[in-house]
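The lines below spell out each chain.
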Amino acid sequence: MAGIDLFHRFFVDVVVPRPVYSSYSYLVDDNQGAVLKRGSVVRVPFGRGTSLAYVIDDAKPVAELESTELAKLANWQAKLKPILEVVSAESVVLPEVWKLAVWARDYYFAPWGDVLSVAAPSALFKGTKSPRKKKTKPVEYDLQNRHELSKLNDEQRTAYDTITADWGKVTLLEGVTGSGKTEVYLSLARKALDQGKTVLILVPEIALTPQLHERFIRGLQVPVGLWHSVLADGERKRQFQQLFSGEIRVLIGVRSSVFAPIRDLGLIIVDEEHDTTYKQEDRFRYHSRDLAVVRGKISGCEVVLGSATPSLETRQRVIEKKYRRCVLTKRFGESVMPIIDIVDLSVEPRVETIRAPFAERTLQELIDTIKRGEQAMVFLNRRGFAAFLICEDCGETTNCPHCSISLAVHFRAKEMRCHLCGHSEAIPSHCEKCRGVSLSPEGAGTESLEDDIEKLMTEAIPGTKVVRLDRDQMTSATRLETALSSFRNGESQILVGTQMLVKGHDFPNVTLVVVVLADSLFRFPDFRAAERAYQILTQVSGRAGRGKTSGRVLIQTFCPEHPALEVLTHPEGVAQFIADEQEARQILSYPPFSRLARIRIEKVEKAEAEKLAESLGDALTRWVKNNVVEQETTAIFSSRTIEILGPSEAFIERLKGLYRFDITIKSAEISPLQKLLRVAGQWADSAQETIIIDVDPSGLG
Ligand code: ADP
Ligand code: ZN
């Protein structure tokens, strides 16, 4: 009898790299059963095709399935299919990474397959079994140019001594821009290597950090891996193996590298720890800085969080004495902090011949800077030529067919583009609605800013060159590198770009930084908006005057009295600004004084999305009510400690053709929040609907 035979055979439980919560059982033969373990990779029949799958436990006798859900199905043994192939019997996930993945899965309520595919991307196992070495270009190391690490100044030395005297904690290294945090990182990394340990350095953006990579290679004199999202499959495979085998002992990477297979970690550095790009915003929504701290605990290593403007979350942990704090208050050497000036656009005379709002005074300073042979950076947080096209006859604007925003004009590429979903279409010749032909581009973007500034500047100083740095440029690594190197070696004098690409650059000849319009930063409907604006503007300002000549920063705005601007011009008020922010968060019980989770429902039909969100909201409210009664004495679920907000339309109500409704849960503690998320999960299962859970969402709106 087949059924009886099966009972003597073995099965493994696997998860597939897809956003599903369930695991699946497959038969294995005795040989396979003996070698397969947690973290092995197999190929299995799945749906109508096949799929790679991660084994999540050792093989077990089929008899053990008897008590499971599966065994309730009629004829269940016949449904048990054998695996097709063992792709890797060796576990592809290090034990400590496995622990981290389990933690992250439970904390973020993420599908197991999604988590494991970040830890061990399925691209690693696709195609040829051995990576084609020819195609990948080996990293070149200039080890001739060895040099000793810089001698630390007093503040740097104190930070270094504090950390090394009591290694294995979490440290906030709070240092103003240009104070030499990187030099401290290097000395700490050297220390970890000397102890036979390895080092992981997380950075917000890697395409723009060749300088950092070089500094680490030169400083540490060992190969330094670079881990980013656009690595070619072959290259990633090679790097994965080199990390796994211990060949690479230092890795610089973006957020997903917190799962990198590095053994014997001695030190994790999270540079610019406050940066929002550490939060993954789709599929598996994790926060890499927070996971770095968890990984540090698991591996028993030191974790250093570096920033000039630490997040309120991290500051709060310092106050609670969970993290220690080291400070660097001065810029290194003779370089001093830049002078920041607010330009009130509502009163200052403006230059008429430029699309973006631009004060005459700002232009004059730009001219003066270039005349002195110095360089300038000009930031505007919008790509493209213009924000939108408007019909002068009927007022209609050109909107994205899939999202609730207008399309931006990109003249160079001769198209209209959606900055949310990437949709593009030809620039229309007439209005869709009234057939009028007077379509006028409104607002400015980095593309028009580059043209306008170059025109104005060459009139004033012939031969002035402007380069642009934004996402549109980033599509090609060479184009980006050309722009950066032309600015670095002084062929061009002005760099125009979006704020987000400013991270980590050290251009000593830049003495003027212009923020064209700060307002978009704090007009964002999010409780973290002021904090963010302050962080971004500080970082942007930090690009000025990093060399011998002191720097100036001009921040243009229609809202000069905003607290985030006030604090920039009066740095002695930083402590007060932070205290005010903290107080406001405490009163409204927002993080770091509570935990948030957002549950999102997305549907093609708006009414359906709304109806489902309401039904889910009701289920959650009912559950909380019932549990408040039960638990009144312990008050875990009192209405004061857990709150359900919404459902309400998402800030961007429609994206990629889907209407979005959000329910936000606010809770004083993490555990009731997670109980409630489990209730949401059950609701979704029984309604057979998909919900998108985001624990610790980076923004509300
Ligand atoms: P941060 O990371 O804090 O913004 P950096 O580490 O980039 O600052 O340092 C700013 C500049 O000062 C860099 O050019 C760096 O080489 C220099 N610097 C910092 N510390 C030292 C040191 N101890 N010795 C020599 N140069 C240093
Ligand atoms: Zn769109």
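Scroll up a little and you will see the structure.
Just so we're clear, the structure is a prediction, and the values are computed from it rather than from any experiment.

A. Local environment of the site of ligand 1. Taken together, 16 residues lie around ligand 1, and Lys-151, Gln-156, Gly-178, Lys-181 and Thr-182 are the ones closest in. Contact between ligand 1 and Lys-151: a nitrogen atom at 2.8 Å from a main-chain N or O atom of the residue. One of the side-chain nitrogen or oxygen atoms of Arg-215 is found 3.2 Å away from an oxygen atom of ligand 1. The leading source of residues in the shell around ligand 1 is helix α7 (residues 181–194), at three residues. Split into classes, the residues belonging to the shell around ligand 1 amount to three nonpolar, seven polar and six charged.

B. Here's a closer look at the nonpolar core. Core analysis: the largest hydrophobic core is formed by 75 residues, its most contacted members being Phe-259 and Ile-599. Residue contacts for Ile-599: discarding those within four places in its chain leaves Leu-616, Leu-620, Phe-661, Asp-662, Ile-663, Ile-665, Leu-677, Ala-680, Ile-691, Ile-692 and Ile-693. In terms of nonpolar packing, the next biggest core, distinct from the first, is built from 34 residues, Leu-312, Ile-340, Ile-342 and Tyr-534 among them.

C. The coordination of the zinc ion (ligand 2), seen in detail. Looking at the zinc ion (ligand 2), the protein donor atoms are Cys-400 (SG), Cys-403 (SG), Cys-418 (SG) and Cys-421 (SG), and they sit 2.3 to 2.4 Å from it. Here the zinc ion (ligand 2) is ringed by four donor atoms whose angles at the metal span 105 to 114°, and the overall shape comes out tetrahedral. Donor residues for the zinc ion (ligand 2) sit on one chain with the sequence pattern C-x2-C-x14-C-x2-C. Judged by its relative accessible area of 4%, Cys-403 is buried.

D. A look at the side chain of Ser-288. By the secondary structure assignment, Ser-288 is in helix α10 (residues 288–299). Here Arg-255 takes part through its backbone oxygen, which lies 2.8 Å from a polar atom of the side chain of Ser-288. Ser-288 has contacts with Leu-202, Arg-255, Val-258 and Tyr-278, leaving out every residue within four places of it along the chain.

E. Summary view of the pattern of salt bridges. The final tally for this structure, using the stated rule, is 40 salt bridges. The partner of Arg-361 in a salt bridge is Asp-341, with the nearest N and O atoms 3.2 Å apart. Of this pair, Arg-361 sits in helix α12 (residues 360–371) while Asp-341 is found in strand β14 (residues 339–344), placing the two residues 20 residues apart along the sequence. Arg-361 sits in the partly exposed class, given a relative accessible area of 26%. Accessibility expressed as a relative area gives 23% for Asp-341, which makes it partly exposed. Between Glu-581 and Arg-585 there is a salt bridge; the shortest N-O distance is 3.6 Å. Placement of the pair is Glu-581 and Arg-585 together in helix α19 (residues 574–587), with a separation of four residues, close to one helical turn. With respect to burial, Glu-581 and Arg-585 carry one shared label: buried. Shared partners join several salt bridges into a network, and the residues in it are Asp-341, Glu-348, Arg-361, Glu-365 and Arg-552.

Calculation rules
- Chains are numbered independently. Their residues run from 1 in the order of the written sequence.
- Chain letters start at A and ligand numbers start at 1, both assigned in the order the entries are written.
- This being a predicted model, a pLDDT of at least 70 is required before a residue's local features are given, and a value of 80 or more before pairs of side-chain atoms are given or counted; all residues contribute to the totals for chains, interfaces and linings.
- Hydrogen atoms and water are omitted, and side-chain values are computed over all heavy atoms in the structure.
- Any residue with a heavy atom lying within 4 Å of a molecule or strand is counted as near it.
- For the purposes of these results, a polar contact is taken to be a pair of N or O atoms within 3.5 Å, where, inside protein, one atom must be able to donate a hydrogen and its partner to accept one; residues adjacent in sequence count only when each atom of the pair is a side-chain atom.
- Secondary structure elements are defined from DSSP: runs of H or I of at least 4 residues count as helices, runs of E of at least 2 residues count as strands, and each element is numbered from the N terminus.
- When residues are grouped by polarity, Ala, Val, Leu, Ile, Met, Phe, Trp, Tyr, Cys and Pro land in nonpolar, Asp, Glu, Lys and Arg in charged, and all others, Gly among them, in polar.
- We define the nonpolar core as a collection of buried residues of types Ala, Val, Leu, Ile, Met, Phe, Trp, Tyr and Cys that are connected through side-chain atoms lying within 4.5 Å of one another.
- For every residue, the accessible area obtained with a 1.4 Å probe (protein chains only) is divided by the maximum for its type, and the residue is called buried under 20%, exposed over 50%, and partly exposed between those limits.
- Working rule for contacts: check all heavy atoms of both residues, and any pair within 4.5 Å makes them a contact.
- Coordination here is defined by N, O and S atoms within 2.8 Å of the metal (3.2 Å for Na, K and Ca), and since water is not considered, a site can look incomplete.
- A four-donor site is called tetrahedral if each angle lies between 85 and 135 degrees; a four-donor site is square planar, and a six-donor site octahedral, when trans pairs exceed 155 degrees and the remaining angles lie between 65 and 115; all other cases are labelled irregular.
- Salt bridges are defined as contacts in which a side-chain nitrogen from Lys or Arg sits within 4 Å of a carboxyl oxygen from Asp or Glu.

As far as function goes, none of this settles anything; it's purely spatial.
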